[in-house]
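# Results of the structural survey
Spelled out, the chains give:
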Amino acid sequence: MRVASSAVAAVRRSKWAAMAASTWIQCASGGSYCFGVYSPTLKSSQGYDQSTLDSVAFFKDVGANIGVLSGLLISSRAAHGRTWVVHLTGSAQCFVGYLLMWLSVTGCIPRPPPALMCLYMLLAAHAQTFFNTANVVSAVENFPDSRGTVIGIMKGFLGLSGAILIQIYQTMFDGNPSSFILMLALLPTFLTLLLMPYVTVHHRNGAAVVIKAQMIEAKALGESSCHERTRLMEDNRGAPEEQTYDRVAADRTCAQHDPTAPNKLACGSGHELSSGDLILPQRGENFSITQAMSTCDFWLLFLAMACGMGSGLATVNNISQIGGSLGYTNLETSTLVSLWSIWNFLGRFGSGYMSDYFLRRKGWARPLFIALTLAVMSVGHAVISTGLPGSLYVGSVLVGICYGSQWSLMPSITSELFGLRHFGTIFNTIAIASPFGSYILSVRVVGYIYDMESSTSSSGTHDCIGHHCFMLSFLIMASCSLFGTVVALILFGRTRRFYEQVVYAKLQSYVQ
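Remember, it's a predicted structure, so these values are computed and weren't measured experimentally.

### Description of the overall build of the protein
- A count of helices and strands for the protein gives 20 helices and zero strands.
- Of the contacts formed within the protein by residues at least 6 apart in sequence, a portion of 80% connects residues at least 24 apart.

### Things to note about the environment of Tyr-38
- Inspection of the secondary structure assignment puts Tyr-38 in helix 3 (residues 35-46).
- Here Tyr-38 falls in the buried class, since its relative accessible area comes to 0%.
- In this structure, the C-alpha to C-alpha distance between Tyr-38 and Ser-334, residues 296 residues apart in sequence, is 9.6 Å.
- Non-local contacts of Tyr-38, meaning those with residues more than four positions away in its chain, are made with Gly-31, Tyr-98, Met-101, Met-121, Pro-177, Phe-180, Ile-181 and Leu-184.

### Comments concerning the pattern of salt bridges
- Taken as a whole and assessed by the stated rule, the structure comprises six salt bridges.
- Taking the shortest distance from any N to any O, the salt bridge between Asp-61 and Lys-60 comes out at 2.7 Å.
- Looking at Lys-60, the relative accessible area reads 2%, which means it is buried.
- A salt bridge links Glu-416 to Arg-366, with the nearest nitrogen and oxygen atoms 2.8 Å apart. Of this pair, Glu-416 sits in helix 17 (residues 391-418) while Arg-366 sits in the loop between helix 15 (330-362) and helix 16 (367-386), and the two are 50 residues apart along the sequence.
- For Glu-416, a relative accessible area of 3% gives the class buried.
- Salt bridges here are not isolated pairs; linked through shared partners, they connect Arg-283, Asp-297 and Arg-494.

### Examining a nonpolar patch on the surface
- Among the surface-exposed residues, Trp-84, Leu-88, Leu-186, Phe-190 and Leu-193 lie close enough to one another that they form a single nonpolar patch of about 460 Å² accessible area.
- At the level of secondary structure, the elements contributing two or more residues to the nonpolar patch comprise helix 6 (83-105) and helix 9 (177-195).
- The exposure class of Phe-190 is exposed, given its relative accessible area of 51%.

### As for the nonpolar core
- Counting 117 residues, the largest nonpolar core has Tyr-38, Tyr-98, Phe-180, Met-305, Ile-370 and Met-410 as the members making the most contacts within it.
- Counting residues per element, this core draws most heavily on helix 7 (residues 114-142), which supplies 14 residues.

### Examining the state of the cysteines
- For the coordinates displayed, the defined rule picks out one disulfide.
- With its sulfur 2.0 Å from that of its partner, Cys-464 forms a disulfide with Cys-469. As the torsion about the S-S bond is roughly -85 degrees, the Cys-464-Cys-469 disulfide counts as left-handed.
- Taking relative accessible area as the criterion, Cys-464 reaches 4% and is therefore assigned buried.

Procedures and definitions
- Residues numbered from 1 in each chain as written.
- Predicted model: local features only at pLDDT ≥ 70, side-chain atom pairs only at ≥ 80, totals over all residues.
- Heavy atoms only, no water.
- Helix = DSSP H or I, 4+ residues; strand = E, 2+ residues; numbered from the N terminus.
- Contact = heavy atoms within 4.5 Å.
- Buried < 20%, exposed > 50% of the residue type's maximum accessible area, 1.4 Å probe, protein only.
- Salt bridge = Lys/Arg side-chain N within 4 Å of Asp/Glu carboxyl O.
- Patch = residues over 30% accessible without salt bridge, like charges linked within 9 Å, V, L, I, M, F, W, Y side chains within 5 Å.
- Areas by Shrake-Rupley, 256 points an atom, 1.4 Å probe, with all protein chains shown as cover.
- Core = buried A, V, L, I, M, F, W, Y, C linked by side-chain atoms within 4.5 Å.
- Disulfide = S-S within 2.5 Å.

Structure below.
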């Protein structure tokens, strides 16, 4: 009996048990993806126009995507290695935020001003970042050699949680969206409290040793060949000033061929080092958040995510109104929201697995996959803009898959470029790009154009009917996604050699 009990206890404390518990928590954490289900009730009960509703949706996006506080908490000494602290903080926010929203919608408390409702939404959605950060960081540190796949699983089930929650709602509370808001307050909270003791970190800093060795080897190979060229150039020059000029040129050439060199100077400026220059870690080493923000790689990734995640969020936030303007029924729009979660899951899991596969087999850099998905996303936005029969179904499939892909690829790239020590803080900081892009595209573009079109109608309401309500908005978002593709290709060009000579070599050492 003691042996059996010990075996059961060992399984419960294993990294596989942590993975399973994290997955279950993720399955219930995606309340922010269900906004399209209860947004009509929120709009009618509070008397909002579309711009005000989009403002509430913007604060949902801010809460669900700005996870800097959860990253700082999990990196702090007080919580380092104890993810239950992060889970507990998220549970409290989830319960309080959604409960206050439910009390407002049902009239149990006086109707709050829009600013206060935005605060409720911010608090409820912000809980998602605490659940997500704790689960993703523990998964990456437990399975460092398969980070793309495990991030895809964690992010995938988070995206799929919207469909899971909607199915529970349609089974138990169909036709009563206010009860759905109450369910969002209770289910994630109590499930997390039940499972958070099993989510623990069993592997820490192991990957750093291997990747550090690969960086040293790649750097040594690059420096040896460059120094040989420098010696040959000096042998062929007679004058000392000519030798000095050639040595500087050779050093600059060496820096260009070093896969880790562009991060030694802020934005890889390429000038000679002086006492005032900012010295940064090499790619793959452990960056602090301030060091990461001093590199061009960080801001290129941020800008690409603002284009991709921002336009994706603008689509899902307005999918009910898009369906209404095109004549879809409430059941059809709820189905679209549920299907969006499925496409979101496929994009998150599929891109994580596929990027891992091609990185292991071919050494392909992950930023290439961001560029490909952004290009396909622009096609999806263009399809929705046509307003043709079935275009919303086809376009939402393309946009949903590609939007989900960004959430799997971005954390993987962040962990590879900036290390694992402050991974939670850095990837949550880059995730700020999502509400940043969503605010511009959803509130300032989609909401403004929708209200402008509806103001010309004779119905006297805030509703707009016809494909013209969103056509211009989605053409703008298609252009934005194409711009993001160009930015991602620039990041791919900057990091291609690093992935080939460092990350790919590290993965091959795991196989050997």
